[in-house]
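# Commentary on secondary and tertiary structure
Listed below are the residues making up each chain.
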Amino acid sequence: MMQKSFDNSKKVSPLRFLPAVDSLLDSAIVKTMETEIGAQKLADLARLAIADLRQEISENDNGELSKEILFKKAERLLQQKLASLKLKQFKPIINATGIIIHTNLGRAPLSEAAISAVAQIASGYCTLEYDLEIGKRGRRGRQAEELLCELTGAESALIVNNCAAAAFLVLSGLGAGGEAIVSRGELVEIGGDFRVPEVMAQSGTRLVEVGTTNRTSLKDFADAITEKTKLIVRVHPSNFRIVGFTAMPNLEELTQLAGSQKILLYEDAGSGALIDLTAYGLADEPVISSSIKSGADIVTFSADKLLGGVQAGIIVGKSEAIEKLRRHPLYRALRVDKMVYAALIATLRSYQHAKHFAEIPVLQMLAQTREEIERRAADFLRQAKDLKLQSLKLEILNGISAVGGGSAPLAELPTTLISLESAKLSSRELEQRLRFSDSPIIARIAENKVLIDLRTVFPREINEILANLQLIDSD
Ligand SMILES: *Cc1c(COP(=O)(O)O)cnc(C)c1O
């Protein structure tokens, strides 16, 4: 120990050769980074890179470092810092997972019509709360609400920030100070911290649990009703299913019970669907118009799940209940902005004109058959062949895509996958290379292969993926 430090003291410390921040910022390589993150942030990163280098030198006794070597090392550290900063940016990615409604990846991509409506409304002023006919203040959200009534058969509608906000507003506005009855089989957690018992507690509504995890009868509900009961709540168990020995009264039975006792039936449909998606393996998803027809007083659902629109929570139902929610102070805090209305109206108009399958990406992706995806995959392989890839092997496999977004956990959409294997990289490394690219591609790994599911890849993104494969192959 003593001996070593004695030796060191005789050498010139390489710390003396550490580059100064200004000289690092003057390097040609570093200068090109300035346009990407700005001079201030770049100087911060340069300081951090030099500090890291100083730390590295003090910890490792490597006396051979020249000024030039240290400068190169500092440049490399700075490049790494910039790369990791860029990986943390909010930016578009290519979803090759095959999971259509991927909450981490932004759920529903918008339709062309929704995108241009947002751009138009965002670029100037609009009739958000203005009635052109009378030249005075108008009702916020009127057109979107009217479209929702038309499409669901509901008397009234109200739009808030997301379905969690919708549930919170309904419980706060219609349940607070009283009791709400929920089956033990529906006290679910939806992911992203939405837990029915906790939302209920926060709203000031007392939760009355009835039945068991797998079986709840109409009598269980009826027996739990007291003069304090304000709501019967049904929650669609979006992301899981209880199968086997199960029982649950249907919606009609519950709405009749609620009606006979002068309490309200509230259904949180979660994703919900504006149209019947049974043909696509989604027989379990509540169709909102059916819930309304069954007599539900209030139904809530997300606008960016199966509906295929923008993030919003939709509340539809009987006018008296909805108007109470519109007047509630929480509504003001949960309401949405003009761009949300623009995107939502455009999306709803696709349904109104029966053009939803042609125009809404989520529905297009859902409706793609395995054969259609196989044709696209075969075409992809043909194009890849022209690239004469050396180290990457592409193959076609049969597989399954998921709906995602906490919808239809049991639905399996048959698909065709492109599997990628590299002679040089492990599947983890290959998956990471795709993810780290300038147009990040999110793929999955199974059985040591990287899998690309074109169901969720837009045709316009194909060239980007091919270019990436070529780049990875040539490295
Ligand atoms: C997804 C979901 C929610 C939450 O919806 P967000 O729009 O994400 O807030 C609430 N309830 C159910 C049943 C759901 O499926």
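None of the values given here were measured: they were computed from a predicted structure.

About the thresholds
Residues numbered from 1 in each chain as written. Predicted model: local features only at pLDDT ≥ 70, side-chain atom pairs only at ≥ 80, totals over all residues. Heavy atoms only, no water. Helix = DSSP H or I, 4+ residues; strand = E, 2+ residues; numbered from the N terminus. Buried < 20%, exposed > 50% of the residue type's maximum accessible area, 1.4 Å probe, protein only. Contact = heavy atoms within 4.5 Å. Areas by Shrake-Rupley, 256 points an atom, 1.4 Å probe, with all protein chains shown as cover. Near = heavy atom within 4 Å. Arc of directions from axis to C-beta. Pairing = 2+ DSSP bridges. Axes fitted to C-alpha atoms, helices over the stretch in contact; angles between N-to-C directions. 1 Å grid on protein atoms, 1.4 Å probe; cavity = no way out; pocket = protein on both sides within 12 Å on 5 of 7 lines; lining within 4 Å. Points joined across faces, edges and corners; volume = space filled by probe spheres on them. pLDDT = per-residue confidence, 0-100. Disulfide = S-S within 2.5 Å. Core = buried A, V, L, I, M, F, W, Y, C linked by side-chain atoms within 4.5 Å. Salt bridge = Lys/Arg side-chain N within 4 Å of Asp/Glu carboxyl O.

## A word on the overall build of the protein chain
When helices and strands are counted, the protein chain shows 21 helices and 15 strands. By its C-alpha atoms, the protein chain is 95 × 55 × 50 Å across when sized along the principal axes. Taken across its 475 residues, the protein chain has 47% of its residues classed as buried. For the protein chain, the proportion of contacts with a sequence separation of at least 24, taken over those separated by at least 6, is 75%. On the protein chain, roughly 24200 Å² of surface is accessible, and the fraction owed to carbon and sulfur atoms is 52%.

## A short note on the site of the ligand
As a structural note, the neighbourhood of the ligand is formed by 13 residues, with Arg 107, Ser 238, Asp 268, Ser 302 and Lys 305 the closest of them. Out of a free accessible area of 380 Å², the ligand has 93% covered by protein chains.

## Comments concerning helix α14 (residues 319-327)
Those residues of α14 that sit buried are Ala 321, Ile 322, Leu 325 and Arg 326. Looking straight down α14, one finds its buried side chains confined to an arc of 140 degrees; they lie on one side. Seen from the buried face of α14, the exposed residues on the opposite side, beyond 90 degrees, are Glu 320 and Arg 327.

## A look at the sheet that holds strand β8 (residues 264-270)
Pairing in this open sheet of 7 strands is mixed, and the strands run β4-β10-β9-β8-β7-β5-β6 from one edge to the other. The outermost strands of the open sheet, each flanked by one partner alone, are β4 (156-160) and β6 (206-210). Adjacent strand axes in the sheet meet at a mean angle of 25 degrees, parallel and antiparallel pairs treated alike. Bridge count for β4 against strand β10 (residues 313-317) is 5 bridges, and the pairing is antiparallel. Bridge assignment links Ser 156 to a residue of β10, and that residue is Gly 317. Against the sheet, helix α9 (residues 163-174) makes contact with β4, β7 (229-235), β8, β9 (298-302) and β10, and its axis sits at roughly 160 degrees relative to β9, the strand it touches most. Here helix α12 (residues 251-260) sits on the sheet and contacts β7 and β8; the angle it forms with β8, its principal contact strand, is near 150 degrees.

## Here we look at the layout of surface pockets
Its volume calculated, the second largest pocket comes out at about 660 Å³. Taken together, 30 residues make up the lining of the second largest pocket; nearest its centre are Glu 186, Arg 234, His 236, Pro 237 and Met 248. Going through the elements one at a time, β7, α12 and α13 (288-293) are the ones with two or more residues in the lining of the second largest pocket.

## Digging into the confidence of the model for the protein chain
Segments scoring low in pLDDT should not have their predicted coordinates read at a detailed level. Chain-level pLDDT for the protein chain is 94 on average; 97% of the residues reach the 70-or-more range. Low pLDDT, under 50, characterises residues 1-5; the predicted model gives this stretch 1 contact beyond four residues in sequence or across chains.

## A word on unusual backbone geometry
Positive phi is not limited to glycine here, since Glu 447 has a value of about 45 degrees. On the basis of relative accessible area, Glu 447 is assigned to the exposed category, the value being 77%. Backbone geometry places Asn 448, a non-glycine residue, at a positive phi of 65 degrees. With respect to the helices, strands and loops of the structure, Asn 448 is situated in the loop between β14 (444-446) and β15 (449-453).

## Focus on the state of the cysteines
Tallied over the entire structure, the rule returns 0 disulfides. Free of any disulfide, Cys 149 has its nearest neighbouring cysteine sulfur in Cys 163, separated by 17 Å.

## Considering the nonpolar core
Counting residues in hydrophobic clusters, the biggest one holds 94 residues, and the most contacted among them are Ile 315 and Val 316. Ranked by the residues each element gives to this core, the list is headed by helix α16 (residues 338-352), at 9 residues. Beyond its immediate sequence surroundings of up to four residues, Val 316 is in contact with Leu 148, Thr 152, Ala 154, Ser 156, Ala 157, Ile 288, Ile 292, Asp 297, Ile 298, Val 299, Phe 301 and Ile 322. One finds Ala 443, Ile 452, Val 457 and Leu 469 within the second-largest nonpolar core, a separate group that totals 24 residues.

## Re the pattern of salt bridges
One pass over the structure, following the stated rule, counts 30 salt bridges. Between Lys 72 and Glu 75 there is a salt bridge, with its nearest N and O atoms 3.2 Å apart. A residue pair is termed a helical-turn pair when its members lie 3 or 4 positions apart in one helix, as Lys 72 and Glu 75 do in helix α6 (residues 67-87) at 3 residues. Taking the relative accessible area as the measure of exposure, Glu 75 reaches 5% and is therefore buried.

## Some remarks on the environment of Thr 246
Secondary-structure assignment places Thr 246 in the loop between β7 and α12. Judged by relative accessible area, which is 33%, Thr 246 ranks as partly exposed. Taking the C-alpha atoms as reference points, Thr 246 and Glu 75, 171 residues apart in sequence, are found 64 Å from one another. With residues near it in sequence (within four places) discarded, Thr 246 still touches Asn 214 and Arg 215.

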